[in-house]
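Geometric and topological summary
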Amino acid sequence: MAKKTVEQEQPRDGILTKPKIKRPSMYKVVMLNDDFTPMDFVVSLLQSIFGRTLQEATEIMLQVHQSGVGVCGVYTFEIAEMKAAQVVEAARRSQHPLRCEIEKA
């Protein structure tokens, strides 16, 4: 006997209906400015962790530098949390005080 999956239609009062699937909440990964982390290091992290192009990474880095905060990307909670932790870990390994947080989008 095959198990039903979420995609299969469910009988209800003799009528087949598709289940409603709630989209997961999304979270912004935001990088916070400091006066010590080198700009090229920030660009490198934006490329390696967030898959940004050199131009995109440079634009985000400049936004962080000029306004104090920049959005690196928007993801589901678990992915946003993981990426923020990767940024902080890489910064600590390189002895930089860079901070990265997540906030609901």
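In this text, all values refer to a predicted model and were calculated from it rather than measured experimentally.

1. Structural notes on the overall build of the protein chain
- A tally of helices and strands in the protein chain yields three helices and five strands.
- When the helices and strands of the protein chain are placed in sequence order, the string is β-β-β-α-α-β-α-β.
- Residues counted as buried form 30% of the 105 residues belonging to the protein chain.
- Long-range pairs, those at least 24 residues apart, make up 65% of the contacts in the protein chain between residues at least 6 apart in sequence.
- Only carbon and sulfur atoms are counted for the fraction: they give 54% of the accessible area of the protein chain, which is about 7,600 Å².

2. Here we look at the confidence of the model for the protein chain
- Overall, the predicted model of the protein chain reaches an average pLDDT of 90, with 87% of residues at or above 70.
- Contacts for the low-pLDDT stretch residues 1-6, under 50 throughout, to residues beyond four places or in other chains number seven contacts.

3. Examining the nonpolar core
- By size, the foremost hydrophobic cluster in this structure holds 23 residues, and its most contacted members are Val29, Met31, Leu45, Leu46, Phe50, Val87 and Leu98.
- The set of elements that each furnish at least two residues to this core consists of strand 3 (26-32), helix 1 (39-50), helix 2 (54-67), strand 4 (69-76) and helix 3 (77-93).
- With seven residues, helix 1 is the largest single contributor of residues to this core.

4. Some words on the packing of helix 1 against helix 2
- Where helix 1 meets helix 2, the closest approach of the two axes is 9 Å, and the angle between their N-to-C directions is 130°. Between helix 1 and helix 2, the angle falls in the class oblique. The crossing of helix 1 and helix 2 is right-handed. Taken together, the residues of helix 2 that come into contact with helix 1 (itself represented by Met39, Val42, Val43, Leu46 and Gln47) are Leu54, Ala57, Thr58, Ile60, Met61 and His65.

5. Brief notes about the sheet that holds strand 4
- Strand order across the open sheet formed by three strands is 4-3-5, with antiparallel pairing between neighbours. Only two strands of the sheet have a single neighbouring strand rather than two, namely strand 4 and strand 5 (99-104). Adjacent strand axes in the sheet meet at a mean angle of 25°, parallel and antiparallel pairs treated alike.
- Across the sheet, helix 2 touches strand 3 and strand 4, and the angle it forms with strand 4 is around 125°.

6. Here we look at the pattern of salt bridges
- For the structure shown, the criterion picks out three salt bridges.
- In this structure, Lys28 engages Glu103 in a salt bridge whose closest nitrogen and oxygen atoms are separated by 3.3 Å. Of this pair, Lys28 sits in strand 3 while Glu103 sits in strand 5, and the two are 75 residues apart along the sequence.
- Assessed through its relative accessible area of 37%, Glu103 is described here as partly exposed.
- The salt bridge involving Arg99 is made with Glu101; its shortest N-O contact spans 4.0 Å.
- Residue classification places Arg99 among the partly exposed positions, given a relative accessible area of 45%.

Cut-offs applied
- Residues numbered from 1 in each chain as written.
- Predicted model: local features only at pLDDT ≥ 70, side-chain atom pairs only at ≥ 80, totals over all residues.
- Heavy atoms only, no water.
- Helix = DSSP H or I, 4+ residues; strand = E, 2+ residues; numbered from the N terminus.
- Buried < 20%, exposed > 50% of the residue type's maximum accessible area, 1.4 Å probe, protein only.
- Contact = heavy atoms within 4.5 Å.
- Areas by Shrake-Rupley, 256 points an atom, 1.4 Å probe, with all protein chains shown as cover.
- pLDDT = per-residue confidence, 0-100.
- Core = buried A, V, L, I, M, F, W, Y, C linked by side-chain atoms within 4.5 Å.
- Axes fitted to C-alpha atoms, helices over the stretch in contact; angles between N-to-C directions.
- Parallel < 35°, antiparallel > 145°, perpendicular 65-115°, else oblique.
- Left-handed = near helix turned anticlockwise from the far one by under 90°.
- Pairing = 2+ DSSP bridges.
- Salt bridge = Lys/Arg side-chain N within 4 Å of Asp/Glu carboxyl O.

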